[in-house]
Amino acid sequence: PEPPELILDANMAREQHVKAGDTLRLSAVIKGVPFPKVTWKKEDHEVSPKADIEVTGVGSKLEIRNTVHEDGGMYSLTVENPAGSKTVSLIEGLVVKAGTTVRLPAIMRGVPVPTAKWVTDDTEIKPDGKYKIETDNYSTVLTIKDCVRKDTGEYLLTVSNAAGSPPTGIGAPLDSEPTVAKYMFDPPSPPGKPMVYDITENAATVSWTLPKSDGGTPITGYILERREASGKWVRVNKTPILDMKYRVTGLFEGNTYEFRVFAENMVGLSKPSPSSDPIKASRPITPPGPPINPKLKDKTKESADLVWTKPLKDGGSPILGYIVECQKSGTTQWNRINKDELIRQCAFRVPGLIEGNEYKFRIKAVNIVGEGEPRELPETVLAKDILSPPEISLDVTCRDLITVRVGQTIRITGKVKGRPDPEITWSKDGKVLVQEKHVEILHDLPNVELQVKEAKRSDHGKYIIAAKNSCGQAQAFAIVNVLDRPGPCQNLKISYVTKDSCMISWESPVDNGGSEITNYIVEYRQPNQRGWSIVSSDITKRLVKANLVENREYFFRVCAENKIGPGPCIETKTPILAINPIDKPGEPENLHIAEKGKTFVYLKWRRPDYDGGSPNLSYHVERKLKDSDEWERVHKGSIKETHYMVDKCVENKIYQFRVQTKNEAGESNWVKTAEVVVKEDLQKPVLDLKLSGVLTVKAGDTIRIEAGVRGKPQPEIVWAKDKDATDLTRSPRVSIENTSDMSKFVLTKSRRTDGGKYVITATNAAGSFVAYATVIVLDKPGPVRNLKVTDISSDRCTVTWDPPEDDGGCEIQNYILEKCESKRMVWSTFSSSVLTNYAKVTRLIEGNEYIFRVRAENKMGTGPPTETHPIIAKTKYDRPGRPDPPDVTRVSKEEMTVVWNPPEYDGGKSITGYILEKKEKRSLRWVPVTKTPIPERRKKVTNLFPGHEYQFRVSAENEVGLGEPSLPSRPVIAKDPIGKIPLYFSVLFQC
């Protein structure tokens, strides 16, 4: 806590002089924790009741309106809290806070004008930075800046002149006998205590009684004030109230208010009436309205379920509950059903009905005032059971596949309706489910629920709910999938074992765990090891090759994995040994006669796919004559190669040949050729061009063409270019390489002209064969043709051209248009993406000479430019020529008429108007007579200055622009004609 601190306003005078009828205001700043209690007193008594006291979080203010003499006196202010108290009398002195600036004003009179002298602690105060003294003929003011503690004390003012010097200080007061300046009548006495009635949430009516005395003159009206609890009084009416009651509006709901009244006559206001009893602005409370839309929700032979909606109007007080009344058919008496307590909800089950009887029902709402108007059920209710066959509706989450993980709870929920309540059974796979530790069945009709706790993989399947009553039966089902790890794989097999690898195969698990198998994990270990090593953990196929170390034993195991995790492993029972199994090799593949001559046959074959586990393969070759039964070995030992030349054959004899494979395990079966006559064959040449379609190369690249060659005897190969008699072999850029089975053509540093059709001719004694190869050499396009400039005007023109004769072998993509001014010779790009064979060039400068050039562009690059001849940007039309000087007629002191002839040259376009200008003779500046062109050839010029001498000139205008002005007219003085008026005639020539 902090003790109170009280500081009077720094600029408040020590004494307050207030005229009767004015307002007295006293204020002070208050501090303290907690905030002190504030008490105002006048000479140790309570202050007048008409004083308004306002207390805020930082201070307090006392205000007395319409003061009278009795309000004078010594006021004191006391503040106190648990930490202490402090009292200050408002005339004790001026208390200010350190750092405050204080002004002490005084009025002085005297003849002659007195001199002022300020003194404190017997020391005269001199003006300096801290003190400031301002004195004139009638007053003096002492200002003390930034007060500190040592500035505390008494300040005396002495004024003196030749007549004397009375000191100024604080003396004992002397009051005269009270004298009141007033009317011969008195203010009225206070009205009676106000009465408040007809209270709503924002208004109330206040009435009062006549004052006991009207003060001797009629009462002119009443002033009504209100205040919130312990708040400030506020005037309610702007003009005096003539009646003795008033409807006060603008109240705030829930606030508490008091009212008082002043009576007023010609003398003034009375004292306030006693305050009214406090009232609270709130809505008037009435019984509630009737409930809305009562209806029958359900019924049985013994009960009826009623529902309704709360009333639109609660009567200004919350609804406490409802009353339900019943009337038996054939009677007039209404009996209350809920006799002991009110119904809180907008629904109620009426019990105790007798089957077969008819009843009427009505409902009332109740608030703090009492019961409201009843609302009757529109229909009569017959006490009878409602019969309906069962209906089953599973929740939305159960209509599709229900998926849970192992260990979670399977929940199947839904609603079952039917009258009477149906008998419900749950089943799975034809077996009825009953309540047990693993299964919980919850039936709270219409809600039903089946829970299978700690689900196992075997719990997946189709669950059926069946409902049956006397009216029928119904059923529904839900499909449940329980996710688990997959089961073990099946039929693990190890095959194709060699010294460095083997093949591992298996079959999928019988149960995939309710989720698709994502991969398989294959592992191995040696018998002397305990840990397993991974062969592969991301296999999707059911076959994998495992790398082994020669002469070591291995166990293998495999498991399947889904999104839940890996399943159990299946292992090999016995280890396998990493060695190569040796077996007889396979037969040679593709045995054929590659070539034959007069006395030889050249055989070829391919190594067998299966070598029997041994890489050391060799071959035996034998032959026999057609009529012989014996095979003859044609070589010594074994042959390692897969071809053999059988020689020393007899020409024109029929032979058959056979070959077999051999390794350490034995020999394979024989493979035989067909019977063949040994003689030299003639084979017509055949060329196999190693080219599909068209060969396309870039300019500068090498052209390579290959062709396979067959034929007996060996054909002669000739390369030529179609429609070109030049021998290709003479070109230094061409090289041709021929072998027994191939011919290669190479042309380096290709050019655009190297494109075309190449002819390959193979010739031997059996005939000839011709093949063709088409080559396209891509290059930049050639120059554009017929470049022209047309439609030339002052700021634009059109440039047209024809495509290049050679497009470079590929489509022209766009054209690049450039321009340059002849005097600058700096080229700038107008557009680099012109797609047509023309372009409109804009933003030319009239009179400048331009050159244009165009280049074609394809995917290989930009071709050479083609330039135009220089052109000048101008139109074929021109501005009008200069007219003759205009003539001036009909001269007066303020106006003249000016006429003129058209120019001899109109620029090729019709004249659209004229610009007439004027100037005084000595002036250099020409001023237009009108703001717009003049269509005629005469103009009356007005607003001239009399006596001034003027000259005129005219310019013609057409669509191209404004022509040069004419020479000035002769000078003419603006004045009225006197005496004889000379006549001037102008002859106008129409062109």
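The structure displayed is predicted, hence computed values, not measured ones.

Per the stated rule, a full pass over the model turns up 37 salt bridges. A salt bridge links lysine 126 to glutamate 124, with the nearest nitrogen and oxygen atoms 3.2 Å apart. Residue class for glutamate 124 comes out partly exposed when judged on its relative accessible area of 35%. Salt bridges sharing partners connect three or more residues here, namely Asp52, Arg65, Glu225 and Arg260.

A surface patch of nonpolar side chains, amounting to about 360 Å² of accessible area, comprises Ile285, Leu320, Ile368 and Val369. Of note, isoleucine 368 is situated in the loop between strand S28 (358-366) and strand S29 (375-376). Among the residues examined, isoleucine 368 registers a relative accessible area of 62% and is labelled exposed.

Two descriptors summarise a pair of aromatic rings, namely the distance from one centre to the other and the angle between the planes of the rings. The full count for this structure, using the stated rule, is 13 aromatic pairs. Measuring from centroid to centroid gives 5.6 Å for tryptophan 605 and tyrosine 619, while their planes differ by 65°, and the two rings are edge-to-face. Taken together, the residues tryptophan 605 in strand S49 (residues 601-606) and tyrosine 619 in strand S50 (residues 618-625) connect sequence positions 14 residues apart. With a centroid separation of 5.3 Å and 65° between ring planes, the pair formed by tryptophan 801 and tyrosine 815 is classed as edge-to-face. Of this pair, tryptophan 801 sits in strand S66 (residues 797-802) while tyrosine 815 sits in strand S67 (residues 814-821), and the two are 14 residues apart along the sequence. Each member of the pair, tryptophan 801 as well as tyrosine 815, carries the same accessibility label: buried. Over the ring of phenylalanine 477 we find lysine 462; its NZ or CZ atom is 4.3 Å from the centre of that ring. Positioned above the aromatic ring of tryptophan 827 is the side chain of arginine 853, whose terminal nitrogen or guanidinium carbon lies 4.2 Å from the ring centre.

This part covers the UniProt feature "domain: Ig-like" (unreviewed entry) in the protein chain. Summarizing the sequence annotation, UniProt attributes the feature "domain: Ig-like" (unreviewed entry) to residues 4-89, 390-481 and 685-776 in the numbering used throughout. In the segment residues 390-481, helix accounts for 4% and strand for 64%; the C-alpha atoms at its two ends are 28 Å apart.

Calculation criteria
Residues numbered from 1 in each chain as written. Predicted model: local features only at pLDDT ≥ 70, side-chain atom pairs only at ≥ 80, totals over all residues. Heavy atoms only, no water. Salt bridge = Lys/Arg side-chain N within 4 Å of Asp/Glu carboxyl O. Buried < 20%, exposed > 50% of the residue type's maximum accessible area, 1.4 Å probe, protein only. Patch = residues over 30% accessible without salt bridge, like charges linked within 9 Å, V, L, I, M, F, W, Y side chains within 5 Å. Areas by Shrake-Rupley, 256 points an atom, 1.4 Å probe, with all protein chains shown as cover. Helix = DSSP H or I, 4+ residues; strand = E, 2+ residues; numbered from the N terminus. Phe/Tyr/Trp six-rings, centres within 6.5 Å; stacked < 30°, edge-to-face > 60°. Lys NZ or Arg CZ within 6 Å of the ring centre and 35° of its normal. UniProt positions renumbered as here; feature names shortened; annotations may be inferred.

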